[in-house]
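These are the residues of each chain, in order.
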Amino acid sequence: MKDVASDNRLGSYLRARRELVTPAQAGLPPGGTRRVPGLRREEVALLAGISADYYLRLERGRDKNPSVQVLESLARVLRLDDVERAYLLGLAAARPRAPRRRRPEQVPARLHHLLAHLTVPAFVEGRAFDVLASNSMALALSPRLRPGENRLRSLFLDPEEQAFHRDWAQAAAGFIAALRTTIGDDTDNPRFVEVVGELALSSQRFRTLWARHDVRELNGGTTTVVHPVVGEMRLHRDKLPVEDVILVVYYPDKDSESDEKMRLLASLAAAAPDTETDAATDTEAAWRPAPGAGGGDVRPGGAG
């Protein structure tokens with residue numbers, strides 16, 4: 001998707017965020033018929049204290065060196081939070097660089113040992129949300145957490161994964177915002193281009209969320225999942241960077257109803273055949289792309 005490798009990422013971001021701010025939010029009186037969903041360019045310029053011509057040059061990529069003061073003013077007008085403001089400043093500071101020499105994402109051997117000893121669902125993911133390794137409890141939680149799967153692809157194209165998330169719409173928006181942050185200035189990374197391109201072609205909901213240019217911090221949180229066997233569970237999620245990969249761990253509150261269901265899930269996993277478990281923790285297995293599956297959003301309009 002051309003948006004990933006665009007040479008005008010600053011302008012694309014300003015335009016996307018401008019369209020998300022209503023005149024009422026900006027303190028402007030309601031006008032007549034508007035051709036844009038959010039603020040007009042001249043309104044942003046007026047509120048930021050810059051000329052309309054200069055703002056137009058920023059959006060169109062004709063001026064790529066705005067001052068920090070200008071960017072701070074635009075961040076205020078566009079109602080950016082701290083994470084979004086930092087992202088905006090980073091876009092303006094980005095400079096052309098030599099192509100990076102990339103190495104395959106490798107799971108450190110110690111992480112495979114750790115996965116084998118953890119009694120809660122845990123897996124290792126790459127920067128594009130490819131699952132690189134997982135333990136038996138991760139597979140018991142979701143078979144989409146086996147190595148070779150891509151979590152974004154599952155989230156947008158797999159009906160079982162969509163049903164797994166109680167609030168699928170929120171999960172989808174969060175994943176896209178995290179992907180934007182992860183990509184950063186690594187816009188020529190072939191894996192990012194491949195994932196974004198495939199989902200942009202396959203999912204209307206992905207295209208809608210991607211066009212918003214949302215960003216968020218790469219951290220954990222709490223989520224509610226609906227397991228097909230044990231039912232609904234409220235789980236905490238921690239994401240721990242280890243070298244070039246991320247260790248993700250899911251766990252419930254101790255002695256909670258979700259904790260009881262997790263123990264039941266563990267007993268079911270212990271009684272199941274271990275062929276998938278062996279494959280999931282194979283330290284010699286290189287990452288394998290998930291087999292292609294056609295189709296677009298499985299929900300009408302891609303909404304949760």
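Residues numbered from 1 in each chain as written. Predicted model: local features only at pLDDT ≥ 70, side-chain atom pairs only at ≥ 80, totals over all residues. Heavy atoms only, no water.

**Considerations on the packing of helix H2 (residues 41–48) against helix H3 (residues 52–59)**
Stage number 1. For the pair H2 and H3, interaxial distance at closest approach is 8 Å and the crossing angle is 115°. The chirality of how H2 crosses H3 is right-handed. Side by side, H2 and H3 meet where Arg-41, Glu-42, Val-44 and Ala-45 of the first sit next to Ala-52, Tyr-55, Leu-56 and Glu-59 of the second.
Stage number 2. Of the residues that constitute the contact of H2 with H3, the class distribution is five nonpolar, no polar and three charged. (Axes fitted to C-alpha atoms, helices over the stretch in contact; angles between N-to-C directions. Helix = DSSP H or I, 4+ residues; strand = E, 2+ residues; numbered from the N terminus. Left-handed = near helix turned anticlockwise from the far one by under 90°. Contact = heavy atoms within 4.5 Å. Nonpolar A, V, L, I, M, F, W, Y, C, P; charged D, E, K, R; others polar.)

**As for the pairing of strand E2 (residues 131–134)**
Stage number 1. The pairing of strand E1 (residues 122–125) with E2 spans three bridges and is antiparallel. For Glu-125, the partnering residue across the bridge sits in E2 and is Val-131.
Stage number 2. What sits between the antiparallel neighbours E1 and E2 is a turn of five residues, in which Phe-129 has the positive phi angle 70°. (Pairing = 2+ DSSP bridges.)

**Side note on unusual backbone geometry**
Stage number 1. Of note, Glu-243 is a non-glycine position whose phi angle comes to about 55°, a positive value.
Stage number 2. Although it is not a glycine, Asp-255 adopts a positive phi angle of roughly 65°.
Stage number 3. In this structure, Asp-255 sits in the loop between strand E5 (245–251) and helix H13 (257–271).

**A word on the environment of Val-230**
Stage number 1. In this fold, Val-230 is placed in the loop between strand E3 (221–227) and strand E4 (231–242).
Stage number 2. Setting aside chain neighbours within four positions, we find Val-230 in contact with Lys-261, Leu-264, Leu-265 and Leu-268.

**Observations concerning the packing of aromatic side chains**
Stage number 1. Tallying each qualifying case throughout the model produces six aromatic pairs.
Stage number 2. Their ring planes at 45° and their centres at 5.2 Å tell us that Phe-129 and Phe-175 sit as a pair that is tilted. Of this pair, Phe-129 sits in the loop between E1 and E2 while Phe-175 sits in helix H10 (residues 168–183), and the two are 46 residues apart along the sequence. Across this residue pair, the class does not change: Phe-129 and Phe-175 are buried.
Stage number 3. When the centroid spacing of 5.7 Å and the interplanar angle of 10° are considered together, the rings of Phe-206 and Trp-210 count as stacked. Note that Phe-206 and Trp-210 are positioned in helix H12 (residues 204–212) at a spacing of four residues, about one turn of the helix.
Stage number 4. Among the residues examined, Phe-206 registers a relative accessible area of 0% and is labelled buried.
Stage number 5. Given a relative accessible area of 2%, Trp-210 falls into the buried group.
Stage number 6. One aromatic cluster is present, formed by Phe-156, Trp-168, Phe-206 and Trp-210 through successive ring pairs. (Phe/Tyr/Trp six-rings, centres within 6.5 Å; stacked < 30°, edge-to-face > 60°. Buried < 20%, exposed > 50% of the residue type's maximum accessible area, 1.4 Å probe, protein only.)

**Quick look at the environment of Gly-197**
Stage number 1. Here Gly-197 shows up in helix H11 (residues 190–202).
Stage number 2. A relative accessible area of 15% means that Gly-197 is categorised as buried.
Stage number 3. Each C-alpha atom of the pair Gly-197 and Arg-207 lies 9.8 Å from the other, and the pair is 10 residues apart in sequence.

**Examining a nonpolar patch on the surface**
Stage number 1. There is a patch of nonpolar side chains on the surface, built from Val-229, Leu-264 and Leu-268 and spanning about 270 Å² of accessible area.
Stage number 2. With respect to the element layout, Leu-268 can be found in helix H13.
Stage number 3. Judged by relative accessible area, which is 39%, Leu-268 ranks as partly exposed. (Patch = residues over 30% accessible without salt bridge, like charges linked within 9 Å, V, L, I, M, F, W, Y side chains within 5 Å. Areas by Shrake-Rupley, 256 points an atom, 1.4 Å probe, with all protein chains shown as cover. Salt bridge = Lys/Arg side-chain N within 4 Å of Asp/Glu carboxyl O.)

**What to know about the packing of helix H4 (residues 68–77) against helix H5 (residues 82–93)**
Stage number 1. In contact at an axis separation of 10 Å, H4 and H5 are set at 145° when each is read in the N-to-C sense. The handedness of the crossing between H4 and H5 comes out as right-handed. Within the contact between the two elements, H4 uses Val-68, Leu-71, Glu-72 and Ala-75 and H5 uses Arg-85, Leu-88, Leu-89 and Ala-92.
Stage number 2. Taken together, the residues of the contact of H4 with H5 sort by class into six nonpolar, no polar and two charged.

Honestly, it's all geometry; don't read function into it.
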